[in-house]
Amino acid sequence: MPRHFLEHAVEQSVERLVQAVAERLCEVLGLAAEEARPGYELFWAVRRLLEALAARGPLVVFFDDVHWAEETFLNLVEYLGNAIRDRAVLMVCLARRELYAAR
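Residues numbered from 1 in each chain as written. Predicted model: local features only at pLDDT ≥ 70, side-chain atom pairs only at ≥ 80, totals over all residues. Heavy atoms only, no water.

Draft legend 1. Fine view of the nonpolar core. If you look at the biggest cluster of nonpolar residues, it comprises 19 residues, and the most contacted ones within it are Val46, Leu50, Leu59, Val61, Leu80 and Val89. Mapped by element, the contributors of at least two residues to this core are helix 1 (3-28), helix 2 (39-56), strand 1 (59-63) and helix 3 (71-83). No other element matches the six residues that helix 2 contributes to this core. (Core = buried A, V, L, I, M, F, W, Y, C linked by side-chain atoms within 4.5 Å. Buried < 20%, exposed > 50% of the residue type's maximum accessible area, 1.4 Å probe, protein only. Helix = DSSP H or I, 4+ residues; strand = E, 2+ residues; numbered from the N terminus.)

Draft legend 2. Here's a closer look at the pairing of strand 2 (residues 89-93). Across five bridges, the pairing between strand 1 and strand 2 is parallel. Pairing of Val60 across the sheet is with Leu90, part of strand 2. In the classification by handedness, the crossover that spans strand 1, the intervening helix 3 and the parallel strand 2 is right-handed. (Pairing = 2+ DSSP bridges. Right-handed = clockwise from strand over helix to strand, strands pointing away.)

Function-wise, these values are silent; they only describe arrangement.
See the structure below:
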């Protein structure tokens, strides 16, 4: 396979990935005409975004007042903590002690 065909295929794959991540994040942020898709697609999109940012260099993600978070957000934070362990990402979550008793 000639090199230019491979490069073109990789570029198209990356463009589709970027578009998919952007679409999911826009849905969650209320910037899309459609309703948000299932949570697992949101989790995937946020993970891919953080992985892409971490590929550029070490990344710090800061979440404040996590004790006020809904269950879905807590599940997302837990998922991210497990899913991006092989990346240079430091996740800092500030919460009151009550969260530790509940979660």
